[in-house]
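One-letter residues, chain by chain:
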Amino acid sequence: MEQEEYFSSKDFREVLDKYEREHKAGRRIYMDADDLADIAEYYITNKRESEAQGVLDEAMHLHPGHPGVMFLRAEMLLDHGKSKEACSIIRQTLFTHPDYQALKELYLEVLVDLQYCTEAIDVANELLNVNPHNAEVWHMLADAQSSLGYFEDALDSVEYGLAVNPDDHDLLHAKGVALIQLERFTEADITLGEYLAEHPNDDHALYNRAIALTSLERYDEANALLDRATLVSEGNSAEQTQIYLQQAYIEARLGHQDSALLALDLAKETQERCSSKDGKHLNVVNDEDFEKIKSQILELLR
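Reading the values: rules and limits
- Residues numbered from 1 in each chain as written.
- Predicted model: local features only at pLDDT ≥ 70, side-chain atom pairs only at ≥ 80, totals over all residues.
- Heavy atoms only, no water.
- Salt bridge = Lys/Arg side-chain N within 4 Å of Asp/Glu carboxyl O.
- Helix = DSSP H or I, 4+ residues; strand = E, 2+ residues; numbered from the N terminus.
- Axes fitted to C-alpha atoms, helices over the stretch in contact; angles between N-to-C directions.
- Parallel < 35°, antiparallel > 145°, perpendicular 65-115°, else oblique.
- Left-handed = near helix turned anticlockwise from the far one by under 90°.
- Contact = heavy atoms within 4.5 Å.
- Nonpolar A, V, L, I, M, F, W, Y, C, P; charged D, E, K, R; others polar.
- Patch = residues over 30% accessible without salt bridge, like charges linked within 9 Å, V, L, I, M, F, W, Y side chains within 5 Å.
- Areas by Shrake-Rupley, 256 points an atom, 1.4 Å probe, with all protein chains shown as cover.
- Lys, Arg positive; Asp, Glu negative; His and termini not counted.
- Charge placed at Lys NZ, Arg CZ, Asp CG, Glu CD.

1. Quick look at the pattern of salt bridges
- Using the criterion set out here, one finds 12 salt bridges in the structure.
- K268 is the salt-bridge partner of E291, the closest N and O atoms lying 3.9 Å from each other. Here E291, found in helix 17 (residues 287-301), pairs with K268, found in helix 16 (residues 257-273); they are 23 residues apart in sequence, far enough to count as distant.
- A single salt-bridge network, built from bridges that share partners, covers D189, R209, R218 and E221.

Given below as structure tokens:
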């Protein structure tokens with residue numbers, strides 16, 4: 001039964017009504033961990049976060065270490081960017097429930113997020129030994145491999161994932177990125193073009209395809225994609241600094257000094273905004289790397 005269908009079912013409504021009735025009256029009642037987890041998930045789904053947290057606190061008191069309850073607690077921590085806390089909770093729970101697959105998949109997601117890539121690869125392989133038909137796990141395995149520079153392995157993992165689910169567009173995008181990392185730019189351009197045909201306003205994919213086109217010296221096409229990435233994200237792409245740096249490089253290659261310097265200025269402004277409250281979603285370019293790229297662009301202009 002689908003989650004939405006279950007939440008509308010008579011059985012669930014009876015459990016929810018009982019909980020809310022007793023809670024409103026200020027009375028404590030004993031409920032099964034699975035029922036409390038379902039109620040918490042219902043509140044999360046309906047954006048009633050404080051109520052969900054209250055249910056989870058009660059569930060953790062009544063059923064300490066229950067994997068379903070700890071799964072939801074870890075998910076909530078992840079949603080608030082508290083990956084290390086989530087990681088700690090998951091590790092403790094997996095110690096006593098090592099075969100809880102949903103929690104292990106969440107653990108893999110956390111490991112990739114924290115860039116604990118060697119451990120992530122081990123966990124992904126464990127999951128795939130149990131179920132090799134999980135496209136999401138293949139994708140996360142590819143992310144971990146890519147972060148460690150295992151680009152051929154990452155491409156293999158992406159292609160295995162696409163074999164499992166050919167309609168997974170995120171994996172198609174990941175394949176394009178893997179091909180760029182392997183400097184197979186023509187194939188990357190084709191692959192990302194297929195992805196963008198379905199997702200024309202994905203600023204991340206627009207930026208990545210522009211990288212491939214730049215390497216193929218198709219500068220005007222690359223610049224048009226970078227302009228579009230800025231347009232569709234209203235200048236708030238996570239890669240906005242990189243977008244402006246790439247445009248500066250292209251303009252320098254074309255000998256357009258004023259345009260290149262303007263793009264460099266925009267990149268610097270965006271880089272500074274990364275440290276502000278409004279720019280927390282932006283990917284920061286390491287200051288040393290930023291200055292190195294800037295020097296290379298200025299060298300092209302000489």
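2. Let's talk about the packing of helix 4 (residues 49-62) against helix 5 (residues 67-79)
- Contact geometry for helix 4 and helix 5: axes closest at 10 Å, N-to-C directions at 140°. Classed by the angle they form, the pair helix 4 and helix 5 counts as oblique. As for the relative orientation of helix 4 and helix 5, their crossing is left-handed in sense. On helix 5, the residues that touch E49, A52, Q53, L56, A59 and M60 of helix 4 are V69, M70, L72, R73 and M76.
- Here the residues of the contact of helix 4 with helix 5 sort into eight nonpolar, one polar and two charged.

3. Notes on a negative patch on the surface
- A surface patch of like charges, here negative, comprises E49, D79, E109, D113, E136 and D170.
- Mapped onto the secondary structure, E136 falls in helix 9 (residues 135-147).

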